[in-house]
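Each chain is listed here by its residues.
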Amino acid sequence: MKLNPIVLQAPRAVERLIAGQATSDGAGVKLTRVLTQNLQRRLDPYLMLDAFGSDKADDYIAGFPDHPHRGFETITYMLEGRMRHRDSAGNEGLLGNGGVQWMTAGRGVIHSELPEQEEGRMEGFQLWLNLPSFEKMREPWYRDIPSPQIPEFELDGVKVRVIAGASHGVAGAVQREHTEPLYLDLHLQPGARFSQLLADTHNVFVYVYRGELAFAGEVQVPQQRMAILANTPGSDGLSFTAGAAGARAIVVAGKPLGEPIAQHGPFVMNTQAELIQAVRDFQAGVLA
């Protein structure tokens, strides 16, 4: 199939750059929290993005022992490494190089994410995607997506992995009706340009994890920075160019839910009363 480049009439501009915050989670896994709680309204329907990457086993070896979730979806994308997933619904999978674990917590799930390596590099992302209010108490769902099952295509010096949504007519591994997530992993050769059609109502960000990107030849987005793109009425998509050393980046977009967000740690609901019930259910052993 021959894919043609997209020509945009009104690409989005960069609104601001985000550096992220160094932190740790689980049993001491070191990571960078790029999409923090104060950005949840701006980047609705996304709640969090963590980037992790280390060659030091002490930074990741303890992993994420059993912990609960309710009210949203977790998307773990492993660039390099091996992580075993188990949950209270009886699901289990091994997340390896280039693979994705997509989990819908729904009414509640307890799961663990533990490394199956004692040395080498572990690198990837965990993204939290909100659920609409009427789906927050649905049954949990899980899918382990090995790397070969993620659709890919190449176009003018850019390799595109379509995890969710669609790009240039290629449908991704996962689709969602209400949040319409777009999740792309891009590998750009030096000077390569990539463009993507996108509704002007959707929120979108780009996180650069290798090299550098330039938007409109003016705004430079260096490695380990997230660019939030402006929601300009009438815009038709996004476009950027890789720097002299090439670049790798993820593009994430979605349709805002426009609903109240109430969060307490691993529970994300719409009201404080629902949060209190989630905590009570967990303490009573009936969350999952």
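One can find the structure itself at the top, above this paragraph.
The structure displayed is predicted, hence computed values, not measured ones.

The next subject is the overall build of the protein. Regarding its fold elements, the protein presents 1 helix and 24 strands. Along the first, second and third principal axes, the C-alpha atoms of the protein reach 55 × 45 × 35 Å. Counting all 288 residues of the protein, 53% fall into the buried class. The contacts in the protein between residues at least 6 apart in sequence include a share of 73% that link residues at least 24 apart.

Further remarks concern the pairing of strand β3 (residues 29–35). By the criterion of burial, β3 is predominantly enclosed, with 5 of the 7 residues buried. As defined by bridge partners, strand β2 (residues 21–25) adjoins β3 across 5 bridges and the pair is classed as antiparallel. The residue of β3 that forms the bridge with Thr23 is Leu31. Taken together, the 3 bridges between β3 and strand β4 (residues 46–54) define a ladder with antiparallel strand orientation. Bridge assignment links Arg33 to a residue of β4, and that residue is Asp50.

For the rest of this paragraph, the subject is the pattern of salt bridges. Evaluated as defined, the whole model comprises 17 salt bridges. Residue Arg84 pairs with Glu92 through a salt bridge whose shortest N-O separation is 3.5 Å. Residue Glu123 is joined to Arg121 by a salt bridge in which the shortest nitrogen-to-oxygen separation is 3.2 Å. Residue classification places Arg121 among the partly exposed residues on the basis of a relative accessible area of 24%. Each member of the salt-bridge network shares a partner with another, and the members are Arg82, Arg84, Arg86, Glu92 and Glu116.

Of the voids in this model, the largest pocket is the one considered here, and its volume is about 420 Å³. Grouping the amino acids of the lining of the largest pocket by side-chain chemistry returns 11 nonpolar, 11 polar and 4 charged. Its volume calculated, the second largest pocket comes out at about 320 Å³. Surrounding the second largest pocket, 19 residues form its lining, Ala51, Phe52, Gly53, Tyr207 and Gln224 being those nearest its centre. Those elements that provide at least two residues to the lining of the second largest pocket are β3, β4, β11 (122–130) and β19 (203–215). Looking at the lining of the second largest pocket, the element that brings in the most residues is β4, giving 4 residues. Taken together, the residues that form the lining of the second largest pocket break down as 8 nonpolar, 6 polar and 5 charged.

Thresholds, definitions, all that
- Residues numbered from 1 in each chain as written.
- Predicted model: local features only at pLDDT ≥ 70, side-chain atom pairs only at ≥ 80, totals over all residues.
- Heavy atoms only, no water.
- Helix = DSSP H or I, 4+ residues; strand = E, 2+ residues; numbered from the N terminus.
- Buried < 20%, exposed > 50% of the residue type's maximum accessible area, 1.4 Å probe, protein only.
- Contact = heavy atoms within 4.5 Å.
- Pairing = 2+ DSSP bridges.
- Salt bridge = Lys/Arg side-chain N within 4 Å of Asp/Glu carboxyl O.
- 1 Å grid on protein atoms, 1.4 Å probe; cavity = no way out; pocket = protein on both sides within 12 Å on 5 of 7 lines; lining within 4 Å.
- Points joined across faces, edges and corners; volume = space filled by probe spheres on them.
- Nonpolar A, V, L, I, M, F, W, Y, C, P; charged D, E, K, R; others polar.

All we've got here are geometric facts, nothing functional implied.
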